[in-house]
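Summary of the model geometry
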Amino acid sequence: MDVGARLVRDYEDGAGVAVSAPVDWPDPGRYLAATLPVWGLAAGSVQAFVAAADRYRKTAATAPIRHRLDPERIAASFTSDRLLRIDGAPVAGFADLSGFFPTFDGWVRTHANYPHHRARLLAALELPADAPVEQAESQIAVIRAADLEELAAARGAIAVQVRDEAQWRAHPHSGSAAAGPLVAVAERPDRRRYTLPVSGTPYQPLQGVRVLDLTRVIAGPVATRALALLGAEVLRVDPPTLPEIPWQFTDTGQGKSSALLDLRTAGTRWESLLDSADVLVTGYRPGALEGLGLAGRPGLIHARVSAWGFTGPWAGRRGFDSIVQAATGIAVIEGASAVPGALPAQALDHASGYLLAAGIIDALAARTGDGFGRDVRVSLARTATWLLSERGRTPGHPAPAVPGPRNTVTHGRTVTAAPVLAEFPDYPFPARGYGRAEPRWTDTPVREQR
């Protein structure tokens, strides 16, 4: 069985949904070439999303769409940060303190793209906030990798020891990271009468579905962007005190409105938004949202993405795709001559995003029949352990092929990757101004009584 087919099967078995029909898996050529079967992970996650959309279309009595998997289009979407051009120039994907650094006894990988993460990392190194990167490198070089990992966690910074597979399997969190289904879909006891939107079309079956997006970086925004592609109204809400990286929003903000709102003080404004939402997507660490007293309404689909999962000793830790790759052994597998490397894309993020979108769509379809709320959960570490468990490694692989310009779209001064589904020439609209929308819904969906 193809790697992509196994991922679809594992998703559908774990989510408890109807098995989809087999598909033709194209030869990817050199796209997403890696030692690990990254193409299978990418294509399988996209196909899981496509199959969920067709199950929803069936529930809504909407005609199915015959999709095809285009390797170049999928590779372009998964490497969208490398194809992004603003005024003709590429963007810097990682800041100077984000990357691999040698330590006293090995390597660490850090993530300091956001200013507050950079400040915390420097504080963990007992350096001033304006310390140059050379000084940080010198400090890292005299610390043991495991010690820096713990120092960073204690300060809310992000740094992990680069481990090989055996070291990760021996780690206390390894078992928790591998436990459970790829996408956990759990029915809750709360219930609310639900009426199905009737405005959906074959290409936009989710018209009338309202999605609140409280996520950043890649996995969550990819999931909500995928829902927007299929017609959902997505309102992204960010705190006004935590600025976003502009290019990152441009890369994953297509099809969404963006508003700023402090949930700690929003009161009835937030409650009104949440009460009229169908889906809430969050990327907070486990327990953070509940700690703010932001309970969901009955019948809500609450989708969550985390780095390390929701149980185990690292459940509360921060993390990103590159960090999970480093900790779980992927960076060693993809490296060369004792120097760690990386996958040809932030594939854990993108694949987790499409798997999360699939889980949301299947949860929406299930809710039309019973009205019960559901929790949908994915974690980058669970996706990573799935990838590591797959057969078919190719250590002598060629360099990954670069997708061509036919897989991009241009809007004014910005060039971005086209949607992952080849049947869609573009998203409903490009990323609009960050935080410029009002925190309210723009559409009043017409719904069918059930």
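Thresholds applied
- Within each chain, residue numbers correspond to sequence positions counted from 1 in written order.
- Two thresholds apply to this predicted model, a pLDDT of at least 70 for residue-level local features and 80 or more for giving and counting side-chain atom pairs, whereas whole-chain, interface and lining totals are computed over all residues.
- Hydrogens and waters are ignored; side-chain quantities use all the structure's heavy atoms.
- Helix and strand assignments follow DSSP, with helices taken as H or I runs no shorter than four residues and strands as E runs no shorter than two, numbered in order from the N terminus.
- We take the radius of gyration over the C-alpha atoms and set the globule estimate at 2.2 Å times the residue count to the 0.38 power.
- Pairs of residues are marked as contacts when any of their non-hydrogen atoms sit within 4.5 Å.
- Under the convention used here, a 1.4 Å probe and the Shrake-Rupley method define accessible areas, while residue burial counts only the protein chains that appear.
- Salt bridges are defined by distance alone: a side-chain nitrogen of Lys or Arg within 4 Å of a carboxyl oxygen of Asp or Glu.
- With a 1.4 Å probe rolled over the protein chains alone, any residue whose accessible area is under 20% of its type maximum counts as buried; one over 50% counts as exposed, and the rest are partly exposed.
- Residues are called lining when one of their atoms sits within 4 Å of a cavity or pocket point, these points coming from a 1 Å grid over the protein atoms alone, where a cavity is a set in which a 1.4 Å probe fits but cannot get out and a pocket is an open set with protein on both sides within 12 Å along at least five of seven lines.
- Grid points are joined across faces, edges and corners, and a volume is the space filled by probe spheres set on the points.
- Taking the helix axis as origin, the arc is that swept by the directions to the C-beta atoms.
- Domain start and stop points were drawn from an automatic or database domain assignment.
- Accessible area, probed at 1.4 Å, shrinks when two parts are joined; the buried area is that loss added up over both.
- A 3.5 Å cut-off defines polar contacts: any pair of N or O atoms within that distance qualifies, except that in protein one atom must be a possible hydrogen donor and the other a possible acceptor, and neighbouring residues in sequence count only when both atoms are side-chain atoms.

In the nomenclature of an unreviewed UniProt entry, the protein chain is known as CoA transferase family III of Nocardia flavorosea.

Quick notes on the overall build of the protein chain
In terms of helices and strands, the protein chain carries 17 helices and 15 strands. The globule rule puts the C-alpha radius of gyration for 450 residues at 22 Å, and the 21 Å found for the protein chain is close to it. Intrachain contacts of the protein chain at a sequence separation of at least 6 include 75% that bridge at least 24 residues. Summed over all atoms, the accessible surface of the protein chain reaches about 17,800 Å², with 53% contributed by carbon and sulfur.

Some details on the pattern of salt bridges
The full count for this structure, using the stated rule, is 25 salt bridges. Across the pair R163 and E149 runs a salt bridge whose closest N-O atoms are separated by 2.8 Å. With R163 in the loop between strand 4 (159-161) and helix 8 (165-169) and E149 in helix 7 (residues 145-155), this residue pair connects regions lying 14 residues apart in the sequence. Taken individually, R163 and E149 each receive the classification buried, so the pair is uniform in this respect. Here E165 and R393 are joined by a salt bridge, their closest N and O atoms 2.9 Å apart. With E165 in helix 8 and R393 in the loop between helix 17 (380-389) and strand 13 (408-411), this pair connects stretches of sequence that are 228 residues apart. Counted as one network, the salt bridges with shared partners bring together R68, D70, E72 and R406.

Quick word on the layout of surface pockets
Taken as a whole, the largest pocket spans an internal volume of roughly 1,100 Å³. R216, L242, G283, Y284 and R285 are, among the 39 residues lining the largest pocket, the residues nearest its centre. Listed by contribution, the elements that provide at least two residues to the lining of the largest pocket are helix 5 (115-124), helix 10 (219-229), strand 8 (233-238) and strand 11 (301-306). For the lining of the largest pocket, the element with the most residues is helix 5, which contributes three residues.

Considerations on helix 6 (residues 133-140)
Those residues of helix 6 lying buried are V133, A136 and I140. Projected onto a plane normal to the axis of helix 6, the buried residues spread over an arc of 60° and lie on a single side. If you follow the buried residues of helix 6, they end up packed against strand 2 (99-102), strand 3 (107-110), helix 5 and helix 7.

Things to note about unusual backbone geometry
The phi angle at L32 is positive, at roughly 60°, despite the residue not being glycine. Mapped onto the fold, L32 is located in the loop between helix 1 (3-15) and helix 2 (38-59). The phi torsion at E126 lies on the positive side, around 60°, for a residue other than glycine. If you trace the backbone, E126 turns up in the loop between helix 5 and helix 6. On the accessibility criterion, E126 (70% relative accessible area) is exposed.

Side note on empty space enclosed by the protein
Inspection of the entire model under this criterion finds two cavities of 30 Å³ or more. In this model, the largest cavity occupies a volume close to 90 Å³. Residue lining of the largest cavity: D81, G93, F94, H111, N113, V217, I218, W247, Q248, D251, T252 and Q346, and that is the complete set. The volume enclosed by the second largest cavity comes to roughly 30 Å³. Sort the elements by how many residues they give to the lining of the second largest cavity and helix 10 lands first, with three residues.

Structural notes on the domain arrangement of the protein chain
Each domain of the protein chain was delimited in the assignment, giving domain 1 (3-93 + 172-417) and domain 2 (100-168). When each unit is reduced to the centre of its C-alpha atoms, the spacing between domain 1 and domain 2 is 28 Å. Facing 34 residues of domain 1, the contacting portion of domain 2 comprises 22 residues. For the pair domain 1 and domain 2, the summed buried area comes to about 2,300 Å², and 66% of that belongs to carbon and sulfur atoms. A per-residue breakdown of the area domain 1 buries against domain 2 is headed by R318, F320 and I323, which together make up 23% of the total. Linking domain 1 with domain 2 are two salt bridges, by the criterion used here. Summed over the shared surface of domain 1 and domain 2, the number is nine residue pairs in polar contact (both at pLDDT 80 or more). Of all the elements in the fold, those that place two or more residues in the side of domain 1 that touches domain 2 are helix 9 (174-178), helix 14 (321-328), helix 15 (330-333) and helix 17.

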